[in-house]
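This is what each chain is made of:
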Amino acid sequence: MSQHAAHEPEKVDAATGQTIRSHEWDGITELNTPLPRWWINIFYATIIWSIGYWIVYPSWPLFSDYARGAFGYASRLEVQADLDGLKAVRAKQAAGLEKASLEDIAKNPDLRRVALAAGRTAFGDNCAPCHGQGGAGAPGYPNLNDDDWLWGGKLADIHLTLENGIRAAGNDKTRMGMMAAFGRDGVLKPDEVRMVSNHVRQLAQLPTEKTYDAAKGAAIFKEHCASCHGEDGKGSLEFGAPNLTDAIWLFGNGIEQIVETVTNGRQGVMPAWTGRLDPITIKALTVYVHSLGGGK
Amino acid sequence: MSVLGADDEGPLYVSSKKVYPQKVTGPFRRMKWMILIACLGVYYFLPFLRWDRGPNLPNQAVLADLPNRRFYFFFIELWPQEVYYFTGLLVIASLTLFLMNALAGRIWCGYLCPQTVWTDLFLAVERFFEGDRRERMKRDDAPWPLPWDTMKRKIAKHFVWLMIAWWTGGAWVLYFADAPTLVKDLATFKAPIAAYLWIFILTFTTYTLAGIMREQVCVYMCPWPRIQAALTDDHALNVTYRYDRGEPRMSVKEAAKVKLAGDRAGDCIDCHQCVAVCPTGIDIREGANLSCIQCSLCIDACDNIMEKIGRPKGLIAYDTDGNCKARIAGEKPVYKPIRARTLIYVAIISIVGGAMLYQLATRATAGIAVMHERTPLFIRLSDGSLRNAYTIRLSNKRPDDRPFALTVHGVPGAEITVPEASPTADFRPIVVVKPDTTREVRAFVTVPKDVPLEKSQDIVITASDLFAGEVVRAKDHFMAP
């Protein structure tokens, strides 16, 4: 039940010092505690302030547009300005990379830093799917951190490989090297394939099978393999023929893996990146890849 | 009547009552003036003190060089990774605060706190322009509009307050840049906008806190009175009204009558001088109080009165409540500055301080941090050897170029190479680090093929300064299949 008694004198609550409102519900009364004046004034001030916002900033939705504010401000434009600024900064750096030679980029600390940063990003986007993050490689995909370079590890060699690829279809300047399918094409009989495979392992000072005959193996090697891999098996950069005497094996050094290589051949493909990536990115990638293992 | 309502029956909220502290003279007041001059002198002029550190480093004695991430304090130069020194400093500071509290209550609040020091200064300015307690009260009681004389005095007071506040903000920014240069830049409006902004902010806070809010800051905003109350004990000295001596209060005449009748009369003549001089507007005779900053001005005020009426000084003095009770009971008062609590504080302060000093004295001026590259973990080279790659960051905290020779230990035959560094004659790669900077290089550690290797073995990479001979080491791992 509510009672309204407007003419009673104001009662004051002893504990708080506040007046008591004249409402009473079953003996329960309410303190008259208005919001502080300063608080209410700030509240009104914010309302007035907000009108300024409507005028200055984009605010009300219209039928096909929105109120754009007195000064045409939009946060999107700020982002755009930031991006343009970034582009301008990068254009300067890119110009530096474009003008300098690969050697100069690698030597100049500032250019090198830009090239490494750009190269790392480009490598992650374009190269890592085959060569792995950090260029660790995988069977069939060369490890770019080691000191074994099929087609040369100097800056110019790496640049050439990046631009034109290896065995890249449709590129005139791509470098070709053919590891023939000696077994499949009938050039060598299966036992000859096995013999020469053992010989390859022997070149690398790996254990051979009992059936291996050094003289026969050497003879087959000399006739069919030495033209590219060299008589000593040390390979040739010209044909991208791997060094067979070292510890690095792109397709594995187990006897069955070598037999497979000799039987069916190997033609790993590195795509040509000219046309896919701009010349500056390719330069940056060259410096980055060269930095991974110290190049040659 | 205290600022915080002491009686249970009263309202929960008391609106703030303006306090008009009266001028007082005496030894404590003199000491407070001296401390004020010393503190403000250090604050305002320290940035201009020079300290020669050689050609490559700033010559300001105390400087927080934020853009270059260095902090200079006389002979100490701190890098961002050494901010733990500040942690140590804060530990010592808080323990010193506790120790002061255990010895003689709120020494910090009464004499040293910036709020007290600046409020004291602002009160002196107010007194200079508007007169002492009674005159100020009379001026403020006058009906609006105030007479022109009062108005012009108030305007002058606020102007001087703002000048002091502005100088306070101005001195603050000088700690963050070369002071003489910044003063010149500020005057010619060439200083960075942040400097003006900070001056404005600190002008505002100084003016508001020391001029307008004053004791309200100590009573309502500051957490220390609450913590202090929890940390105090029976033996901590506090500014105490010795009620054993003061009660019952009565005038000098009345006391003479009472004594003639053979009854006991207290020494307190209820002159209210202790209340009049109190900067927080309390009555010390009500006992220990949250609002009392223990500035000791009531001691001076009371002593002056006691001297006039020929009674012994020290009716209000540094004492304890327990001693008042003891004297009433006829026992001897106890003073125990050396007790478990104070000894423990002193012990912890010495341990932390000693550890910091030791650390500072034996601090390396070079640093090395090594990170093993994880993609790939290791590389097999064509001759069968294994290679791991590391990112090494060398730091040089000295003001000149330093060449560091890198070596690796822990695996037989292991060799370290840095492609971008030039090797010396004994095949150690040399990395030159510029003054007061760090340099990051990529390094390779190679282990020959015949060395038997676990999946992972510990190695230590060492950088030796070829000139100064300082050696720093970092542990890491060499990974193998």
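Cut-offs used in this document
- Residues numbered from 1 in each chain as written.
- Chains lettered and ligands numbered in written order.
- Predicted model: local features only at pLDDT ≥ 70, side-chain atom pairs only at ≥ 80, totals over all residues.
- Heavy atoms only, no water.
- pLDDT = per-residue confidence, 0-100.
- Helix = DSSP H or I, 4+ residues; strand = E, 2+ residues; numbered from the N terminus.
- Contact = heavy atoms within 4.5 Å.
- Axes fitted to C-alpha atoms, helices over the stretch in contact; angles between N-to-C directions.
- Parallel < 35°, antiparallel > 145°, perpendicular 65-115°, else oblique.
- Nonpolar A, V, L, I, M, F, W, Y, C, P; charged D, E, K, R; others polar.
- Buried < 20%, exposed > 50% of the residue type's maximum accessible area, 1.4 Å probe, protein only.
- Pairing = 2+ DSSP bridges.
- Phe/Tyr/Trp six-rings, centres within 6.5 Å; stacked < 30°, edge-to-face > 60°.
- Lys NZ or Arg CZ within 6 Å of the ring centre and 35° of its normal.

A. Expanded view of the confidence of the model for chain B. Residues and elements named next belong to chain B. When pLDDT is averaged across chain B, the result is 89; 96% of the residues are at 70 or more. Between the elements of chain B, mean pLDDT differs from a low of 68, seen in strand 11 (residues 422–423), to a high of 95, seen in helix 1 (residues 27–45). Here residues 1–6 is a poorly scored stretch, pLDDT under 50, and it has 17 contacts once near neighbours within four places are set aside; other chains count.

B. Main features of the packing of helix 7 (residues 190–203) of chain A against helix 8 (residues 214–229) of chain A. All names here are of chain A. Where helix 7 meets helix 8, the closest approach of the two axes is 8 Å, and the angle between their N-to-C directions is 95°. Judged by the angle between their axes, helix 7 and helix 8 are roughly perpendicular. Along the contact surface, helix 7 presents Glu 192, Met 195, Val 196, His 199, Val 200 and Leu 203, while helix 8 presents Ala 214, Lys 216, Gly 217, Ala 218, Ile 220, Phe 221 and Cys 225. The residue inventory of the contact of helix 7 with helix 8, partitioned by class, reads nine nonpolar, two polar and two charged.

C. Here's a closer look at the environment of B:Gly211. Residues and elements named next belong to chain B. Residue placement: Gly 211 occurs in helix 8 (residues 193–213). Relative accessible area serves as the criterion here: at 5%, Gly 211 is assigned to the buried category. Between the C-alpha atom of Gly 211 and that of Leu 49, which follows or precedes it by 162 residues, the distance is 29 Å. Excluding its chain neighbours within four sequence positions, the residues that come into contact with Gly 211 are Phe 122, Trp 161 and Thr 206.

D. Here's a closer look at the pairing of strand 9 (residues 402–409) of chain B. All names here are of chain B. Within strand 9, seven of the eight residues are buried, which leaves the element mostly enclosed by the surrounding structure. With four bridges joining them, strand 9 and strand 12 (residues 429–433) adopt antiparallel strand pairing. Within strand 12, the position partnered with Pro 403 by the bridge is Val 432. Note: strand 9 against strand 14 (residues 456–465), six bridges, orientation antiparallel.

E. A look at the packing of aromatic side chains. Residues and elements named next belong to chain B. Enumeration according to the criterion identifies 25 aromatic pairs over all chains in this entry. Seen from their ring centres, Tyr 44 and Trp 118 are 6.4 Å apart, and the 85° between their planes marks the pair as edge-to-face. Of this pair, Tyr 44 sits in helix 1 while Trp 118 sits in helix 4 (residues 114–130), placing them 74 residues apart in sequence. The buried category is assigned to Tyr 44, whose relative accessible area is 5%. Summarising the aromatic geometry, the rings of Trp 51 and Phe 74 are spaced 5.3 Å apart at their centres and angled 90° between planes, so their arrangement reads as edge-to-face. Separated by 23 residues along the polypeptide, Trp 51 in the loop between helix 1 and strand 1 (62–65) and Phe 74 in the loop between strand 2 (70–73) and strand 3 (76–78) bring together distant segments of the chain. On the basis of relative accessible area, Trp 51 is assigned to the partly exposed category, the value being 34%. Joined through ring pairs, the aromatic side chains of Tyr 43, Tyr 44, Phe 45, Trp 118, Trp 167 and Tyr 175 make up one cluster. Sitting over the ring of Trp 33, Arg 29 keeps its end group 4.0 Å from the ring centre.

F. Structural view of the sheet that holds strand 3 of chain B. Residue and element names in this part refer to chain B. Pairing is antiparallel across the open sheet formed by three strands, whose spatial order is 1-2-3. Taken across any chain shown, the strands that pair with only one partner, and hence form the sheet edges, are strand 1 and strand 3. Along the sheet, successive strands turn relative to each other by an average axial angle of 10°, direction set aside.

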